[in-house]
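Letter by letter, the chains look like this.
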Amino acid sequence: MIVIAHLSDVHLDGDRRAADRTRAVMEYLDALPHDLDAVLVSGDIANYAAEAEYEEAAKLLRSRHPLVVCPGNHDERAAFRRGLLGEESPSTEPVDQVLRGEGFVLAVCDSSVPGAHHGFLEESTLGWLDGVLTGTPRETPVLVAFHHPPVALHTPYVDEIRQFGEERLAALAERHPHLTAFLCGHAHTAAATTFAGRPVLVAPGVVSTLRLPWEASTGSSEHVHLDEPPAVAFHLIGDDGRLTTHYRVVVDRR
């Protein structure tokens, strides 16, 4: 069985609250009695893209499990590359990464748009992803991750800044039947839907939880729960190839 932990939207900002919540999740994962095949952190690592925030992220986002981190709309590519990937002369090109595990591939795409909050996959990223899928045997499941969901989640605050140009991604998926699912963050709520005939699995937010439209009592401005605990998703691929996702709330017990 393949097990991938998935967290998102830590929004480190120099404040103890965000750091403590991130630390609680990472310590929970490290304390698990079994090894994970991967840990995915799907964006919005820093809150203001400051150098100190990435320095803090480099200390907190460490794991005994294989770890891959991608940027979100609050991140800045060059600062992300410098602070988390250790690049001395970082570029502003998309941060696309691949983790090849035993029996699976995790292709992590950069859906961020410099200077904007919505998402879009650049042509270079789509070409890179096409190459990863083409180079992976058809019997090996490929999970594709990015920050922005490529579909509306019926949460107006998030849907306005989701991933656009998604028809290009759908066309790519049609050519590669072993593309198993899309993993993303951005919405600060555990959610599941479909896109291009595949599951779209959204990780909960670590720093906060989105209040859904029918939960708000004072209008659209009341969209964030700050008192809900952080949570994490576990994506499982069984021996039969079936994908299952579990969600777990993480309580800091220190």
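A brief structural summary.

Conventions and cut-offs
- Residues numbered from 1 in each chain as written.
- Predicted model: local features only at pLDDT ≥ 70, side-chain atom pairs only at ≥ 80, totals over all residues.
- Heavy atoms only, no water.
- Helix = DSSP H or I, 4+ residues; strand = E, 2+ residues; numbered from the N terminus.
- Rg over C-alpha atoms; globule rule 2.2 N^0.38 Å.
- Contact = heavy atoms within 4.5 Å.
- Areas by Shrake-Rupley, 256 points an atom, 1.4 Å probe, with all protein chains shown as cover.
- Buried < 20%, exposed > 50% of the residue type's maximum accessible area, 1.4 Å probe, protein only.
- Expected span 1.5 Å × (residues − 1).
- Arc of directions from axis to C-beta.
- Pairing = 2+ DSSP bridges.
- Core = buried A, V, L, I, M, F, W, Y, C linked by side-chain atoms within 4.5 Å.
- 1 Å grid on protein atoms, 1.4 Å probe; cavity = no way out; pocket = protein on both sides within 12 Å on 5 of 7 lines; lining within 4 Å.
- Points joined across faces, edges and corners; volume = space filled by probe spheres on them.
- Nonpolar A, V, L, I, M, F, W, Y, C, P; charged D, E, K, R; others polar.
- Disulfide = S-S within 2.5 Å.

## Observations concerning the overall build of the protein chain
Thought 1: Secondary structure assignment for the protein chain yields six helices and 15 strands.
Thought 2: Taken against the 2.2 N^0.38 rule, which gives 18 Å for 254 residues, the C-alpha radius of gyration of the protein chain at 17 Å falls within 12% of a compact globule.
Thought 3: With respect to the principal axes defined by its C-alpha atoms, the protein chain has extents near 45 × 40 × 40 Å.
Thought 4: The contacts in the protein chain between residues at least 6 apart in sequence include a share of 67% that link residues at least 24 apart.
Thought 5: Roughly 11400 Å² of accessible area belongs to the protein chain as shown, and the carbon and sulfur atoms make up 51% of that amount.

## Observations regarding the environment of Val-144
Thought 1: One can find Val-144 in strand E7 (residues 142-145).
Thought 2: Judged by its relative accessible area of 0%, Val-144 is buried.
Thought 3: For Val-144 and Leu-106, which are 38 residues apart along the polypeptide, the C-alpha to C-alpha distance reads 6.0 Å.
Thought 4: With near-sequence residues (within four places) excluded, Val-144 lies in contact with Ala-107, Cys-109, Leu-129, Leu-179, Ala-181, Phe-182 and Leu-183.

## Quick word on helix H4 (residues 123-134)
Thought 1: Its 12 residues place the ends of H4 16 Å apart at the C-alpha level, agreeing with the 16 Å of an ideal helix rising 1.5 Å per residue.
Thought 2: Listed in full, the buried residues belonging to H4 are Thr-125, Leu-126, Leu-129, Val-132 and Leu-133. Each buried residue of H4 lies within a common arc of 120 degrees when the element is viewed along its axis, so the set occupies one face. For H4, exposure combined with an orientation more than 90 degrees from the buried face picks out Glu-123 and Thr-134.
Thought 3: Looking at the buried residues of H4, the elements they touch are strand E4 (97-101), strand E5 (104-108), E7, helix H6 (166-174) and strand E9 (179-184).

## A few points about the pairing of strand E14 (residues 231-237)
Thought 1: Burial of E14 is extensive: seven of the seven residues sit out of reach of the surface.
Thought 2: Judged by which residues are buried, E14 turns out to be covered on both faces: Ala-231, Ala-233, His-235 and Ile-237 on one side and Val-232, Phe-234 and Leu-236 on the other are all buried.
Thought 3: Here five bridges tie strand E1 (residues 2-7) to E14, and the two strands are oriented antiparallel to one another. Across the sheet, residue His-6 finds its bridge partner in E14, namely Ala-233.
Thought 4: As judged from the seven bridges shared by E14 and strand E15 (residues 243-249), these two strands associate in the antiparallel manner. Pairing of His-235 across the sheet is with Thr-245, part of E15.

## Brief notes about the nonpolar core
Thought 1: Among the nonpolar cores identified, the biggest contains 31 residues, and Leu-7, Leu-29, Leu-36, Ile-45 and Phe-234 are the most heavily contacted of them.
Thought 2: Looking at this core, the elements that each hand over two or more residues are E1, helix H1 (16-30), strand E2 (38-42), helix H2 (51-60), helix H3 (77-84) and E14.
Thought 3: In terms of residue count, the dominant contributor to this core is H1 (six residues).
Thought 4: Residues within four places of Leu-29 in sequence aside, it is in contact with Ala-5, Leu-7, Leu-36, Val-39, Arg-64, His-65, Val-232 and Phe-234.
Thought 5: Ranked by size, the runner-up nonpolar core spans 27 residues in total, among them Ala-107, Cys-109, Val-144 and Leu-210.

## Things to note about the layout of surface pockets
Thought 1: Of the pockets and cavities examined, the largest pocket occupies roughly 390 Å³.
Thought 2: Among the residues forming the lining of the largest pocket, the class breakdown is eight nonpolar, nine polar and four charged.

## Observations concerning the state of the cysteines
Thought 1: Taken as a whole and judged by the stated rule, the model has zero disulfides.
Thought 2: Left unpaired, Cys-109 is separated from the closest cysteine sulfur, that of Cys-70, by 8.7 Å.
Thought 3: The closest cysteine sulfur to the non-disulfide-bonded Cys-184 is located on Cys-70, 9.8 Å from its own sulfur.
Thought 4: Its relative accessible area of 0% is what places Cys-184 among the buried residues.

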